[in-house]
Amino acid sequence: MMYIVAPVPLHGPMTISVAERAELRSAVRELLSRQATDGSDPAIWQKLAAQGVAGLLVDPAYGGVGLGAQEVEAVAEEIGAALLDAPFLASAVLTVALVTAAGSEQDHRRLLPGLADGSVIGTVALTGAAGTWSPGGVAVRADDDTLRGTAHYVLHGQVADVLLVAARVGHEIGIFDVAPDAPGLQRMAATVFDPSVPLSTFTFDGVPARRIGTAGWDAVQHALDLAVTALAGEQAGGARRIFEMTVDYLKTRIQFGRPIGSFQALKHMAADLLLEVESATSAAQHAAARFGSEDAEAAVALAGFTCAQAYHTTAMQAIQMHGGIGFTWEHPAHRYLRRARTGMQLFGSPAQFRERYLVAKGG
């Protein structure tokens, strides 16, 4: 594997400098800039894996790079800007984080090397139809190592090789590993608003499963918080890219003999959007910097609603500022809006994150 940064011994997440993190971001940006403009190059995930992206969070003892939340967020900004259709959130973040937090040493040796080198893709089935992403929303039950029930909104579920499932075990939540070809398992692709974020519904009818470790919802919440931080980075990156595209359009679109960006109303709109973009970037990077600290919950929740709303607002206004061309299928503006709207519900709604933030702050 060709790493962006050299792996280090097994001592927890590696700390790298701001300059090294910038180099990591630049390397990912350069690779993505050479790919298909719609972000759907089927070989892109293997190319990113060769750079170490699939194993960012995997300990070097299992073939990964051993970095942390700040590096994940930095990479996520570039992925969001490129509207990449690849299992970064599902496999490199959510699955790796859950295996690491909940699995035994044997589970780590069995699952992490393939996830790190991109030879397998992982996903996690966590919530039922309500999509609450909470213990109360888990709709799968485990009885005698078999699973029954339905899980919804499973990221990249149709192509995943490693399937982890949160299931009720009595009054607790357990984490189970299910073979992709297990009898009784049905994977159905869901109808989605954004084709670059594929979701599936998993139905379990007496599916044999193996529990990994003894951890419960705490491990799931840890993985979810990391995924929310990465998603916030994607949203900040997407908001910045569509904003930059809009500013370029305002500079080059001529109307009444001058660039439309010289009109006072559009200047004010652009200034407001810049504030949205900068706020989203600050919130995402703050969540990553505080991850694992005492105030991490509040920082993650703040990023959860700030970045989602900022991205949606920026994408909506950008389409308006592009005029008629912004509403056409050929222009990429609508793809950013689709991604923004999908992110408004993925892993929780802005209202849920706002409530969590108030609770974390003692409000």
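The shown structure was predicted, so the numbers you read here are calculated from the model rather than taken from an experiment.

## Side note on the nonpolar core
Line of reasoning, step 1. Membership of the largest hydrophobic core comes to 80 residues, with the highest contact counts inside it found for Trp45, Leu48, Phe88, Leu98 and Phe347.
Line of reasoning, step 2. Of all the elements, helix H6 (residues 217–252) adds the most residues to this core, at twelve residues.
Line of reasoning, step 3. Of all hydrophobic cores here, the second largest spans 19 residues; its members include Ile242, Ala270, Met321 and Ala340.

## Structural notes on the pattern of salt bridges
Line of reasoning, step 1. With the rule as written, the count across this model stands at 15 salt bridges.
Line of reasoning, step 2. Taking the shortest distance from any N to any O, the salt bridge between arginine 356 and aspartate 225 comes out at 2.9 Å. Taken together, the positions of arginine 356 in helix H10 (residues 350–360) and aspartate 225 in helix H6 put the pair 131 residues apart, joining distant regions of the chain.
Line of reasoning, step 3. Taking the relative accessible area as the measure of exposure, arginine 356 reaches 18% and is therefore buried.
Line of reasoning, step 4. Across the salt bridge formed by glutamate 297 and arginine 356, the nearest N and O atoms sit 3.2 Å from each other. Residue glutamate 297 is found in helix H8 (residues 296–321), and its partner arginine 356 is found in helix H10; the two are separated by 59 residues along the sequence.

## Digging into the domain arrangement of the chain
Line of reasoning, step 1. Parsing the chain into structural domains produces domain 1 (18–117), domain 2 (122–215) and domain 3 (218–361).
Line of reasoning, step 2. Centre-to-centre, using C-alpha coordinates, domain 1 lies 22 Å away from domain 3.
Line of reasoning, step 3. For the pairing of domain 1 and domain 3, the buried interface totals around 2,000 Å² over both sides, and the portion due to carbon and sulfur atoms is 70%.
Line of reasoning, step 4. For the domain 1 face of the interface with domain 3, the top three residues by lost area are Glu73, Leu83 and Leu89, together amounting to 30%.
Line of reasoning, step 5. Across the domain 1-domain 3 interface, the total number found is zero salt bridges.
Line of reasoning, step 6. Taken together, the links from domain 1 to domain 3 amount to five residue pairs in polar contact (both at pLDDT 80 or more).
Line of reasoning, step 7. Contributions of two or more residues to the side of domain 1 that touches domain 3 are made by helix H3 (69–81) and helix H4 (88–102).
Line of reasoning, step 8. Examining the composition of the side of domain 1 that touches domain 3, we find that nine residues originate from one element, H3, more than from any other.

## Digging into the side chain of serine 91
Line of reasoning, step 1. Relative to the assigned elements, serine 91 resides in helix H4.
Line of reasoning, step 2. By relative accessible area, serine 91 is classed as buried at 0%.
Line of reasoning, step 3. Discounting chain neighbours no more than four positions away, the residues touching serine 91 are Val96, Leu115, Val120, Ile121 and Gly122.

## Examining the environment of phenylalanine 88
Line of reasoning, step 1. In this structure, phenylalanine 88 sits in helix H4.
Line of reasoning, step 2. Phenylalanine 88 gets classed as buried once you look at its relative accessible area, which sits at 1%.
Line of reasoning, step 3. C-alpha separation for the pair phenylalanine 88 and valine 75, spaced 13 residues apart in sequence, amounts to 9.6 Å.
Line of reasoning, step 4. Not counting chain neighbours up to four residues away, the residues in contact with phenylalanine 88 comprise Trp45, Val53, Leu56, Val72, Val75, Ala76, Ile79, Val93, Ala230 and Glu234.

Cut-offs applied
- Residues numbered from 1 in each chain as written.
- Predicted model: local features only at pLDDT ≥ 70, side-chain atom pairs only at ≥ 80, totals over all residues.
- Heavy atoms only, no water.
- Core = buried A, V, L, I, M, F, W, Y, C linked by side-chain atoms within 4.5 Å.
- Buried < 20%, exposed > 50% of the residue type's maximum accessible area, 1.4 Å probe, protein only.
- Helix = DSSP H or I, 4+ residues; strand = E, 2+ residues; numbered from the N terminus.
- Salt bridge = Lys/Arg side-chain N within 4 Å of Asp/Glu carboxyl O.
- Domains from an automatic or database assignment.
- Buried area = accessible area lost by both parts, 1.4 Å probe.
- Polar contact = N/O pair within 3.5 Å; in protein donor to acceptor, adjacent residues only side chain to side chain.
- Contact = heavy atoms within 4.5 Å.

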